[in-house]
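Listed below, chain by chain, are the residues.
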Amino acid sequence: MAGNIIIEAREVTRDFGDFRAVDNLNLKIKKGEVFGFLGPNGAGKTTSINMMVGLLRPSSGQIFIDGKGVEKIEKCTIGICPQELVLWDFLTCKESLMLMGDMCQVPRNELKVRVQKLLDDLFLQDKANTLVAQLSGGMKRRLNLAMAVVHQPDIVVLDEPSEGLDPQSRRVLWHYIRSLRDDEGKTVILTTHLMDEADRLSDRIAIIDHGKLLRLDTPSNLKKEIGEGDVVEMKLSNPASNQEVINILADMPDVQAVVEIDDGLNVRALDAVGKLPQIIDLVETTGVHVSDLSIRQNTLEDVFIDLTGTGLRE
Ligand SMILES: Nc1ncnc2c1ncn2[C@@H]1O[C@H](COP(=O)(O)OP(=O)(O)OP(=O)(O)O)[C@@H](O)[C@H]1O
Ligand SMILES: [Mg+2]
């Protein structure tokens with residue numbers, strides 16, 4: 001196996017009874033990258049990462065960490081920040097971090113310095129001696145993250161770390177994730193439902209749905225894949241005409257796709273600004289008017305919806 005690969009999943013499948021949650025997953029994660037996992041609710045992200053870090057056994061297939069079977073690795077080489085918070089309510093922030101460090105046998109002197117730095121980096125210094133039960137939701141998330149990294153694992157797994165964070169805390173989190181990669185050389189695996197977050201942070205992204213890997217690429221390649229054009233978002237005066245308008249616009253030259261999103265239409269086209277008058281004229285031939293319109297660049301969310309559709313999973 002190439003030396004720069006830290007995690008490899010080979011033909012990994014996981015069944016729960018008759019239900020296949022992860023279906024023949026093959027992927028390689030490189031040392032020192034931020035690897036994003038995207039997928040709708042129930043896609044199999046948590047199940048996949050739990051298998052990749054040895055918390056859950058695959059029904060079939062193999063996982064290798066740095067070339068070794070995951071079942072043989074030293075548990076403290078991985079730091080896990082689970083989707084569901086795991087905290088001790090009646091310890092303080094500092095005590096929680098010291099306990100995690102002790103469990104991985106971090107020398108006391110080193111641990112004290114590390115705990116202080118983490119409390120500072122994650123803006124929890126004022127809460128060092130506060131009981132976990134008295135923290136806000138966002139503070140608990142930040143503490144959960146600190147607990148995943150206090151023993152300086154090589155691999156850090158963050159399952160929806162930004163869930164419930166306000167925009168300020170999210171920026172602290174982003175800065176911290178980048179510093180894990182850039183200053184400490186860690187490999188970070190991240191799941192999120194925020195496309196913008198995945199785009200900003202990830203070196204590469206896996207998109208999964210129904211347990212299957214649909215794509216694995218850099219955010220910029222993923223965005224190029226569904227066209228290099230712009231997206232025109234519009235709402236019509238009569239949404240009942242959406243399908244008729246889709247049929248007409250789809251025939252325009254250089255229009256790459258027209259899809260219905262919510263109660264509006266997204267038109268993906270090269271040089272959408274130049275084509276705008278023509279697009280509006282064509283819409284109006286059907287007797288409806290454009291009631292709202294905006295133009296933006298293609299985003300990862302467009303790729304995500306293109307691949308996984310708009311239907312709810314749960
Ligand atoms: N222990 C379990 N027993 C039975 N089914 C399970 C179990 N764990 C997960 N599943 C099912 O496997 C599928 C994938 O779940 P998973 O938690 O991996 O999804 P996810 O992609 O992390 O979703 P979310 O974005 O909602 O966190 C779901 O249909 C879920 O109900
Ligand atoms: Mg999950």
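Residues numbered from 1 in each chain as written. Chains lettered and ligands numbered in written order. Predicted model: local features only at pLDDT ≥ 70, side-chain atom pairs only at ≥ 80, totals over all residues. Heavy atoms only, no water.

Engineer: Tell me about the state of the cysteines, and please be specific about residues and values.
Structural biologist: Counted by the stated rule, this structure contains 1 disulfide. Residue pairing for Cys76: its cysteine sulfur links by disulfide to Cys104, the two sulfurs lying 2.0 Å apart. An S-S torsion of about -80 degrees defines the bridge between Cys76 and Cys104 as left-handed. Taken as a pair, Cys76 in the loop between β5 (68-69) and β6 (78-81) and Cys104 in the loop between α2 (93-103) and α3 (108-121) lie far apart in primary sequence, 28 residues in all. (Disulfide = S-S within 2.5 Å. Helix = DSSP H or I, 4+ residues; strand = E, 2+ residues; numbered from the N terminus.)

Engineer: Please set out the side chain of Arg204 residue by residue, giving values where relevant.
Structural biologist: Of note, Arg204 is situated in strand β9 (residues 204-209). Note on Arg204: relative accessible area 15%, which makes it buried. Polar side-chain contacts of Arg204 include one of 2.7 Å to the backbone oxygen of Lys28. Separated by 2.8 Å, the side chains of Arg204 and Glu33 make a polar contact. Not counting residues up to four positions away in its chain, the partners in contact with Arg204 are Lys28, Ile29, Lys30, Glu33, Val34, Phe35, Gly36, Leu216, Asp217, Thr218 and Pro219. (Buried < 20%, exposed > 50% of the residue type's maximum accessible area, 1.4 Å probe, protein only. Polar contact = N/O pair within 3.5 Å; in protein donor to acceptor, adjacent residues only side chain to side chain. Contact = heavy atoms within 4.5 Å.)

Engineer: Kindly report on a nonpolar patch on the surface, identifying the contributing residues and their values.
Structural biologist: Among the surface-exposed residues, Trp88, Leu99 and Met103 lie close enough to one another that they form a single nonpolar patch of about 280 Å² accessible area. Tracing the chain through its elements places Trp88 in the loop between β6 and α2. (Patch = residues over 30% accessible without salt bridge, like charges linked within 9 Å, V, L, I, M, F, W, Y side chains within 5 Å. Areas by Shrake-Rupley, 256 points an atom, 1.4 Å probe, with all protein chains shown as cover. Salt bridge = Lys/Arg side-chain N within 4 Å of Asp/Glu carboxyl O.)

Engineer: Please provide a residue-by-residue account of the coordination of the magnesium ion (ligand 2), values included.
Structural biologist: Each protein donor to the magnesium ion (ligand 2) is listed here as Thr46 (OG1) and Gln83 (OE1); together their distances run 2.0 to 2.2 Å. Here the residue Thr46 occupies a position in helix α1 (residues 45-52), and Gln83 occupies one in the loop between β6 and α2, the gap between them amounting to 37 residues. (Donors = N, O, S within 2.8 Å, 3.2 Å for Na, K, Ca; no water.)

Engineer: Run through the site of ligand 1, naming residues and quoting values.
Structural biologist: What surrounds ligand 1 is a group of 14 residues, the closest being Gly42, Lys45, Thr46, Thr47 and His193. In the model, an oxygen atom of ligand 1 is placed 2.8 Å from a nitrogen or oxygen of the His193 side chain. When ligand 1 sits alone it has 640 Å² of accessible area, and the protein chains cover 63% of it. For the shell around ligand 1, the secondary structure elements donating two or more residues are β2 (19-30) and α1. Considering only residue class, the shell around ligand 1 consists of 5 nonpolar, 7 polar and 2 charged. (Near = heavy atom within 4 Å. Nonpolar A, V, L, I, M, F, W, Y, C, P; charged D, E, K, R; others polar.)

Engineer: Tell me about α2, and please be specific about residues and values.
Structural biologist: Every buried residue of α2 is accounted for by Cys93, Ser96, Leu97, Met98, Met100 and Gly101. Against the buried residues of α2 lie α3 and α4 (137-149). With its phi angle positive at about 55 degrees, Gln105 sits one or two positions after the end of α2.

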